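Architecture and fold: a report
For reference, the chains in residue letters:
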Amino acid sequence: MRIAIIGTGYVGLVSGACFSDFGHDVVCVDKDASKIDALLKGVMPIFEPGLDQLVERNVRQGRLSFTTELAEGVKGAEAIFIAVGTPSRRGDGHADLSYVYGAAREIAEALDGPAVVVTKSTVPVGTGDEVERILREVAPDAEVSVCSNPEFLREGAAIEDFKRPDRIVMGVEDGRAEEVMRDVYRPLYLNRAPLLFTSRRTAELIKYAANAFLATKITFINEIADLCEEVGADVQDVSRGIGLDNRIGPKFLHAGPGYGGSCFPKDTLALLKTAEDYQSPVRIVEAVVKVNDARKRAMGRKVIKALGEEPRGKTVALLGLAFKPNTDDMRDAPSIAIFQALEDAGVNVRGYDPESVEQARPLMPGMTFCDTPYAAAEGADAVVLVTEWDVLRALDLKRLKAVMAGDELVDLRNIYTPQEVTGAGFQWQGVGKPMRGRTGSIEVADRSPVSA
Ligand code: UGA
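Thresholds, definitions, all that
- Residues numbered from 1 in each chain as written.
- Predicted model: local features only at pLDDT ≥ 70, side-chain atom pairs only at ≥ 80, totals over all residues.
- Heavy atoms only, no water.
- Near = heavy atom within 4 Å.
- Polar contact = N/O pair within 3.5 Å; in protein donor to acceptor, adjacent residues only side chain to side chain.
- Areas by Shrake-Rupley, 256 points an atom, 1.4 Å probe, with all protein chains shown as cover.
- Helix = DSSP H or I, 4+ residues; strand = E, 2+ residues; numbered from the N terminus.
- 1 Å grid on protein atoms, 1.4 Å probe; cavity = no way out; pocket = protein on both sides within 12 Å on 5 of 7 lines; lining within 4 Å.
- Points joined across faces, edges and corners; volume = space filled by probe spheres on them.
- Nonpolar A, V, L, I, M, F, W, Y, C, P; charged D, E, K, R; others polar.
- Domains from an automatic or database assignment.
- Contact = heavy atoms within 4.5 Å.
- Buried area = accessible area lost by both parts, 1.4 Å probe.
- Salt bridge = Lys/Arg side-chain N within 4 Å of Asp/Glu carboxyl O.

The ligand sits among 19 residues. The nearest are Glu151, Glu155, Lys207, Asn211 and Cys263. The backbone of Phe323 places a nitrogen or oxygen atom 3.2 Å from an oxygen atom of the ligand. The separation between an oxygen atom of the ligand and a polar side-chain atom of Lys324 is 3.0 Å. Burial of the ligand by the protein chains amounts to 92% of its free accessible area of 720 Å². Of all the elements in the fold, those that place two or more residues in the shell around the ligand are helix 10 (200-231) and helix 12 (264-277). Examining the composition of the shell around the ligand, we find that 3 residues originate from one element, helix 10, more than from any other.

This part is about the layout of surface pockets. Over the atoms rolls a probe the size of a water molecule, and its path tells where empty space is left. Within this model, the second largest pocket holds a volume of roughly 400 Å³. Contributing to the lining of the second largest pocket are 19 residues, with Asp226, Glu229, Glu230, Met299 and Lys302 lying nearest its centre. Put simply, the parts of the chain that give the lining of the second largest pocket at least two residues each are helix 10, helix 13 (283-306) and strand 14 (427-429). Ranked by residues supplied to the lining of the second largest pocket, first place goes to helix 13 with 7 residues. Here the residues of the lining of the second largest pocket are counted per class, giving 8 nonpolar, 3 polar and 8 charged. Each of domain 2 (208-289) and domain 3 (296-429) gives at least three residues to the lining of the second largest pocket.

Take the domain arrangement of the chain next. On domain assignment, one finds that the chain holds domain 1 (2-198), domain 2 (208-289) and domain 3 (296-429). Centre-to-centre, using C-alpha coordinates, domain 2 lies 24 Å away from domain 3. The partner domain 3 presents 12 residues to the 12 residues of domain 2 that form the contact. Here domain 2 packs against domain 3, burying approximately 930 Å² in sum over the two surfaces, 52% of which is carbon and sulfur. Inspection of the region where domain 2 meets domain 3 yields 1 salt bridge. Between Glu229 and Lys302 there is a salt bridge whose closest N-O contact spans 3.1 Å.

Next comes the structure, spelled out in structure tokens:
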């Protein structure tokens, strides 16, 4: 089956590479000639584990190609995915759909046979209707259907998420679109991935509802963490204690410095705008957005407090800058607000990240970037663990302490136990953890039947 993907950003490139790996014939299209040139040379525009090998293999085997010419890419394609960016529109938080509609127009001009146009970009409810209107206006005779197929990929685990999804959601309005989409995802339903066919508007809303719910779960546990600090309870044990209830589930209950990234902040805002437009408020999500925004800067204040009476002139090392591990993405990373708060308080900031330094540099002009966590800690009064990269999970804490001027360690991801940290000579602070006291353990009751 021939597939065209418009937009070689994160979603487009991962989807294109994975579809071609399933055996489809895929052409990825992007207007940015330098990006396409780089891809043709095997250079990835983003850091995603395993993506370069996947692209290389499928290009070599002739199933994946790249072009800047949309008409050439769309020629003969049965499914055409729109995977262009939908940034927050400057000023009002609405998703900016100009790239989506622009792509729809160009596709309509290039159509040369029956096709299903699929929106994979995260788009507000009703966007599919407008895409269909544009296609019919520009190409009134074309045999074309429009499908909404939101993605649920996590950065850093995108290939695994694509190949072993919890579900595939497809919003269709006619039988032909459903038939083509079944062919597109046939390799996956042989893997028993649940396929959920819904109306197009429902599929569009599922994406926003999923991200808003996950953002809510994180924000809920973050506020419980604050309460834990006040009452002397342990948030990790609370997470386990509630997460073992199947109705709640254990995932996305890790307290931390607040969610960041290219999705949750943008998508929660866009959902609020839709809710406003339809005068149907989602007040829980309104609270989540406010609480999360405030939290990032509050983490900066937590570090400043750890520096004592006179923070001005002191030095802090931020370890891990990307919004989460295994990505170089700095969008809405909590490290940015923490850095800002520290700089405003006159603190010198040093930073380390295994992948995101190039992206971080322009966002944190006053930061001294270092090549290793130990180099960043040199002369620091406090080190702060901001992102839980694997390389930061097994630090030689004694070595770290030895190069520092002070002895504060603020662990915003609860990577280490207080015992490990204080044992290496540090003053320790975590998130939602008591300074001392019993940590929980889980015992599994023996359920074997009592013998007679
Ligand atoms: C998120 C969703 O998880 C994906 O399903 C979705 O497809 C994607 O957005 C998208 O809309 O494109 P992503 O932003 O890559 O994926 O990252 P997550 O792993 O969800 O993490 C988001 C943020 O939440 C990070 O800052 C992370 O540190 C934070 N987080 C996550 C927590 O603070 N605690 C948790 O328990 C989980």
